[in-house]
Amino acid sequence: MAVLAHFQKLQFSAFLLTRAQPPLSSLSRQFNSTLCSKLYRLPALIRPQSALSAAEPIPVSQLLEPPPPAETQSPITLDKLFIPPETQVSLEDPTTRVLKGSNIVLSKYARDAQVVQAEFVKSSVRTEDCPSDGSPEFALVGRSNVGKSSLLNSLVRRKKLALTSKKPGKTQCINHFRINESWFLVDLPGYGYASAPHECRTDWAKFTKDYFLNRSTLVSVFLLIDASIPAKKIDLEYASWLGQNQIPMTIVFTKCDKRKKKKNGGKHPEENVNDFQELIRGYFQTTPPWIMTSSVTNQGRDEILLHMAQLRNYWLKH
Ligand code: GDP
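Residues numbered from 1 in each chain as written. Predicted model: local features only at pLDDT ≥ 70, side-chain atom pairs only at ≥ 80, totals over all residues. Heavy atoms only, no water.

- As recorded in an unreviewed UniProt entry, the protein goes by the name EngB-type G domain-containing protein, listed as coming from Linum trigynum.
- The heading Cofactor (unreviewed entry) in the UniProt record of the protein holds the text "Mg(2+)".
- Reading the Sequence similarities (unreviewed entry) entry of the UniProt record for the protein gives the comment "Belongs to the TRAFAC class TrmE-Era-EngA-EngB-Septin-like GTPase superfamily. EngB GTPase family." (UniProt positions renumbered as here; feature names shortened; annotations may be inferred.)

Rendered as structure tokens:
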């Protein structure tokens, strides 16, 4: 059973990382070859919606429209979209949608995305001690202070659920939260504590790497990156390690509401988002999915849940 689950995960990872270009209709193929090198605008600045039902993804055809004159919008090429498995991208098909503030194309698996129930289940110190009921899970990881607890609380709409992982003795554990009695959100230890002794930091790395490499029910790591400041070396190292080890990863850019350039290192979140992707590009065979969020405005909340739903439903079916 465990072997089978692991095999499924491997198949899924391999698909995410090496998936062939989905077949395109002849017209869209033509579109693709002539326009692929053109710059598109992702609708990164479109106002976030508060309810899942209102999280309207963007028709992919709109990516071709001339961009509004906003200095902070992020250009993207069509080949930088994340196309989920079994999803066809056709520019003339109005049903092809991209999630707001992301490069993620919506697939037929995006359903049951609401969070109706969330509970803390367990803190584990080793991968072998984690819950063993075979439910799919998503791991949240990021530098300390990146906004991981805030995001977790925002996803489950509970003000203090993530405090559970911040209790003494739990900050260095793998903390499992069961959602809708059917899947897990996993809070992993933050990395990059400046004050931690070097030895201790190495231990944390070993600990989480073992989880990434051996947890057969892990559908995707969600790596949180602070978009209000320029990329940190440790974040780049983390992302490149995940890429090189073919661990499925989604980049979640946090604090995208912080727009004061001078205060935050001279760049807007959209610029930091672009810079980060450029810096990690070489480590990935295909563009990883990424999404812009803010726990203050709830930007990206519904979109993350839709993305998790489509990954999860695909994983469950295969
Ligand atoms: P953690 O250490 O990664 O769990 O980070 P926290 O969730 O505790 O957040 C660290 C700090 O960043 C706190 O002061 C939060 O209020 C702040 N913060 C978290 N998310 C956001 C966000 O989306 N926007 C802004 N402006 N601040 C945030």
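Structure's up, so let's keep going.
**A word on the side chain of Thr 208**
Argument step 1. As for its position among the elements, Thr 208 is in helix H5 (residues 198-214).
Argument step 2. Reaching out from Thr 208, the side chain makes a polar contact with the side chain of Tyr 238 at a distance of 3.4 Å.
Argument step 3. Excluding anything up to four places from it in sequence, Thr 208 contacts Leu 188, Pro 189 and Tyr 238. (Helix = DSSP H or I, 4+ residues; strand = E, 2+ residues; numbered from the N terminus. Polar contact = N/O pair within 3.5 Å; in protein donor to acceptor, adjacent residues only side chain to side chain. Contact = heavy atoms within 4.5 Å.)

**Examining the pattern of salt bridges**
Argument step 1. Counted by the stated rule, this structure contains 15 salt bridges.
Argument step 2. The partner of Arg 178 in a salt bridge is Glu 119, with the nearest N and O atoms 3.5 Å apart. With a gap of 59 residues between them, Arg 178 in strand S7 (residues 174-179) and Glu 119 in strand S5 (residues 118-124) connect regions that are remote in the sequence.
Argument step 3. Its relative accessible area of 31% is what places Glu 119 among the partly exposed residues.
Argument step 4. Across the pair Arg 126 and Glu 128 runs a salt bridge whose closest N-O atoms are separated by 3.5 Å.
Argument step 5. By relative accessible area, Glu 128 is classed as exposed at 54%.
Argument step 6. Taken together, the shared-partner salt bridges in this structure form one network comprising Lys 80, Glu 278 and Arg 281. (Salt bridge = Lys/Arg side-chain N within 4 Å of Asp/Glu carboxyl O. Buried < 20%, exposed > 50% of the residue type's maximum accessible area, 1.4 Å probe, protein only.)

**Considerations on the pairing of strand S8 (residues 183-187)**
When a strand is regular, its side chains alternate between the sheet's two faces.
Argument step 1. The buried fraction of S8 amounts to 5 of the 5 residues, a majority that puts the element mostly inside the structure.
Argument step 2. Here S8 shows no split at all, with Trp 183, Leu 185 and Asp 187 on one side and Phe 184 and Val 186 on the other all buried.
Argument step 3. The pairing of strand S6 (residues 137-142) with S8 spans 4 bridges and is classified as parallel. Within S8, the residue paired with Leu 140 across the bridge is Asp 187.
Argument step 4. Here S7 runs beside S8; their pairing, made up of 5 bridges, is antiparallel. For Ile 179, the partnering residue across the bridge sits in S8 and is Trp 183.
Argument step 5. Linkage of S7 to S8, two consecutive antiparallel strands, is achieved through a turn of 3 residues, within which Asn 180 is found at a positive phi near 50°. (Pairing = 2+ DSSP bridges.)

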